[in-house]
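# Breakdown of the fold
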Amino acid sequence: MQPAAANHGFPLAPRQPASREHATGFLSKNRPVETADDGRNPPVAVSVRNVGKTFRGGTSDPKTLKERLLTNLSSNTSKFLALDDVSFDIYQGETFGIIGHNGSGKSTLLKIIAGIMRPTTGEVLVAGRLAALLELGAGFHPELTGAENIHLNGSILGLEESYVDELFQDIVDFAEIEDFIHAPVKHYSSGMRARLGFSVATYLDPDVLLIDEVLSVGDEQFRRKCMERVHRFRSMGRTMILVSHSASTVAQLCQRSAVLSHGRLLHVGDSTEAIAIYRAALAAGRRRRGTAATTVEEPTEHRAVSIIDTRVVTGDDTEPTLNPGDDVTIEIKLEAFDQIEGRLRLAVKSEEGTVLINQASTPLLGRNLELEPGTATVTFTLHSVPLRDGTYTVDAIAESADGRTTLHRVGSACAFRIVSRNPHLGLVAVDLSCQLGDGSDPIGSSSGPTRDRSRTPQEVAQ
Amino acid sequence: MTTTASPPPNELRPIGTSRPAASATRQLAEVWNHRSLLLTLAGRDVKSRHRNSLLGFTWNLLNPLLQMVIYTVVFTYFMPGGTPMFPLKLLTGTAIFSLFTTGVTNGTTSVTGNTALVSKIWFPREVLPVAAIVSNLVTFASRISILVVAMIIYRHPPAWSLLWLAVCAVLVTMVLATGAAVLLSALNVYFRDVQHFLDLILLALFWFTPIIWSYGFVANELINRFGPRWERLAMLNPLTPVVTVFERVLYNPAALPPDGQHQFELILRPTSWHLQNLGYSLVVGLVLLYIGLRVFSRLEGSFVENL
């Protein structure tokens with residue numbers, strides 16, 4: 001996979017221009033707007049060029065002269081490459097995602113784009129004003145009141161005082177902190193701080209907005225409001241950069257995404273493609289570590305029943321790959337040490353940890369499991385699973401007959417992956433069709449409604 | 001208030017600290033563009049300094065008054081130096097000297113003390129030490145007001161025609177303080193020793209500046225021992241010129257009774273002599289400011305990692 005920016009054919013600026021003036025247009029030396037030479041792409045809003053970042057490692061940060069000298073003498077300063085030659089361009093008006101696992105260099109890249117950290121190599125160019133919401137908050141001064149901080153952020157963005165005054169009430173209303181606006185921010189709850197941060201950053205009308213995992217905080221209602229605001233912001237033609245490890249958030253909002261893994265850029269392009277690559281990288285990482293998913297076993301002292309093995313019958317890979325609409329068969333082997341009456345529960349979870357299916361065996365069988373000492377096999381079949389692309393993990397739980405006592409629980413006992421031929425976004429994969437007109441119109445329905453080919457279980461079965 | 005600091009949105013330019021600033025003038029231009037931010041931060045400095053203290057702003061007045069009482073008791077009763085209106089001389093010297101010291105002290109911790117802002121949002125970081133200097137003008141003003149009250153009590157007028165010279169001295173002191181604050185605030189991020197070491201340096205500086213003693217004592221000693229050319233040595237400390245100018249204008253030895261004037265003969269020289277001295281301090285201040293800004297621009301890129 002190639003870093004994308006190199007392919008667009010931009011007139012790249014010299015890597016180390018002689019002076020800041022040269023690029024800023026200070027002293028009225030204006031640089032022309034950079035556009036793609038094929039004329040298809042809109043102007044570039046953010047250009048990340050060969051960015052690399054090396055951190056000097058160490059057990060603890062030396063802060064005093066004495067510590068500095070001692071650490072330098074013992075010369076145990078190991079270097080850590082957090083970002084390695086990352087290049088891509090983000091176009092104006094686009095919502096761009098940056099995804100990657102923990103420690104992939106996402107946050108470092110974000111701090112460099114936000115301008116608060118200097119890259120070791122390369123540079124980042126931004127068109128216009130940029131506001132960032134890093135780690136759940138804007139730049140707030142804890143001693144200042146909410147109102148003072150709104151003005152502080154306005155002046156940092158270089159806005160007119162009167163303009164900030166105009167927006168003031170909207171910001172306060174959106175953040176829902178009317179009563180506390182004249183209290184110092186240090187007394188705010190983390191939710192209030194996040195709300196005010198989001199409100200300030202989106203209302204102060206930056207040209208580029210950078211959001212780091214912010215959409216994952218706050219209560220349900222505020223999150224919905226944020227989403228609406230983000231959509232509004234997007235429809236106003238503003239550029240947005242969204243950083244997340246939640247693939248679904250990125251899938252919903254971003255047209256294009258960059259995938260980072262261990263400081264390297266794996267891919268830049270269409271979000272669905274990027275997410276597929278991100279998931280493949282995660283799965284590859286898991287395989288390297290030897291487990292399909294980290295199996296969590298709850299130790300129980302005196303087990304009457306033990307879950308020995310859980311596997312997905314279709315396919316013999318550690319992570320079987322299926323199509324949406326396939327049947328998924330999960331086989332669970334039990335060993336009973338006594339004669340016991342109990343039941344087995346199955347839970348299927350998405351990557352984000354949402355429980356999609358949680359079902360005990362008793363209602364399905366119509367009776368409890370009556371086990372004799374020895375092994376037994378229970379098979380669950382999920383008929384034509386309506387799940388979208390992703391990896392799903394299965395928990396197996398052996399319970400007492402009344403369901404009150406857990407006898408043995410194996411979390412993430414096995415996993416399966418769903419890959420569709422025609423990837424699309426959203427939470428569920430349903431059988432979709434589309435036609436022009438109200439259905440009686442002959443145009444476009446000559447061969448029946450156009451069906452989403454990958455979603456038809458009958459077709460998949462053939 | 002302020003005009004927008006940003007260029008038209010279609011123009012790509014390096015963001016924040018992503019590249020070291022090209023020149024010291026560019027850095028100062030960025031600070032000027034963010035002057036409304038600077039004033040907000042300076043205002044907050046003034047307010048938060050006295051938050052949670054019972055006497056609040058009164059400390060600005062009590063502090064120099066107590067200092068004056070202590071030194072006056074020591075140097076008129078324990079160790080009489082024969083300086084007429086000693087409290088007035090002391091208030092004059094400490095007013096301008098403290099403009100430098102409190103500015104540098106607060107400036108040094110201005111970056112390390114604003115982690116919340118520095119690690120979350122970009123603005124020219126040079127604004128922080130400069131805001132610390134600006135906020136100290138409030139403290140300075142309160143010291144000057146005490147001095148004015150003391151002059152009224154002593155019925156001792158300043159040299160009215162030379163007041164502009166005192167204003168020059170204030171400006172030169174601010175250049176010196178800004179230079180030192182910018183340099184030390186950046187170094188303090190890497191070596192927290194700086195803030196501890198600074199107290200020692202400032203104490204030494206206090207005793208090497210003619211505040212308690214008179215410039216004439218040292219200068220005459222140098223002239224008598226090594227010849228008149230060596231008087232320059234007494235002016236080596238860049239704070240000596242500003243303090244002597246302040247003394248000339250506000251303590252105004254010319255208005256003292258003739259028998260008290262002899263130790264101030266040297267500073268009663270023509271204005272050109274004072275201007276020459278101030279020129280030297282200004283050059284030192286500008287060099288310090290230049291070095292400070294360049295060091296700052298080199299180091300600011302990794303502030304966040306070291307905070």
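Residues numbered from 1 in each chain as written. Chains lettered and ligands numbered in written order. Predicted model: local features only at pLDDT ≥ 70, side-chain atom pairs only at ≥ 80, totals over all residues. Heavy atoms only, no water.

## As for the confidence of the model for chain A
Residue and element names in this part refer to chain A.
- Taken residue by residue, chain A gives an average pLDDT of 75. The fraction at 70 or more is 73%.
- Below a pLDDT of 50 lies the segment residues 1–38, which in the model reaches 77 contacts outside its immediate sequence neighbourhood of four places, other chains included.
- Across residues 444–462, where pLDDT falls below 50, the model places 33 contacts with residues more than four positions away in sequence or in other chains. (pLDDT = per-residue confidence, 0-100. Contact = heavy atoms within 4.5 Å.)

## A word on helix α3 (residues 106–114) of chain A
Residue and element names in this part refer to chain A.
- The element α3 is extensively covered by neighbouring structure, given that 8 of its 9 residues are classed as buried.
- If you check which residues of α3 are buried, you get Lys106, Thr108, Leu109, Leu110, Lys111, Ile112, Ile113 and Ala114.
- At the exit of α3 stands Gly115, carrying a positive phi of roughly 85°. (Buried < 20%, exposed > 50% of the residue type's maximum accessible area, 1.4 Å probe, protein only. Helix = DSSP H or I, 4+ residues; strand = E, 2+ residues; numbered from the N terminus.)

## Let's talk about the pattern of salt bridges
- Here the structure, examined in full by the defined rule, presents 18 salt bridges over all chains.
- Measuring nitrogen to oxygen at the nearest pair gives 3.5 Å for the salt bridge that ties Glu331(A) to Arg311(A). Note that Glu331(A) is positioned in strand β13 (residues 328–336) and Arg311(A) in strand β11 (residues 305–312), a separation of 20 residues in sequence.
- A salt bridge links Arg225(B) to Glu221(B); the shortest N-O distance between them is 3.1 Å. Here Arg225(B) and its partner Glu221(B) are both found in helix α9 (residues 215–226), 4 residues apart, which amounts to about one turn of the helix. (Salt bridge = Lys/Arg side-chain N within 4 Å of Asp/Glu carboxyl O.)

## Structural notes on the sheet that holds strand β2 (residues 79–91) of chain A
- Here 4 strands make up an open sheet; going across it, the order is β2(A)-β1(A)-β4(A)-β1(B) and the pairing antiparallel. Edge positions in the sheet fall to β2 of chain A together with β1 (12–14) of chain B, since each has one partner strand and no second. Strand-to-strand twist in this sheet, taken as the mean axis angle between neighbours without regard to direction, amounts to 25°.
- Of the strand pairs in this sheet, strand β1 (residues 44–56) of chain A and strand β4 (residues 121–127) of chain A are connected by 5 bridges, and their pairing is antiparallel. In the strand pairing of β4(A), Arg49(A) is matched with Glu123(A).
- Of the strands in this sheet, β1, β2 and β4 of chain A touch α3(A), which is tilted by about 125° from β1(A). (Pairing = 2+ DSSP bridges. Axes fitted to C-alpha atoms, helices over the stretch in contact; angles between N-to-C directions.)

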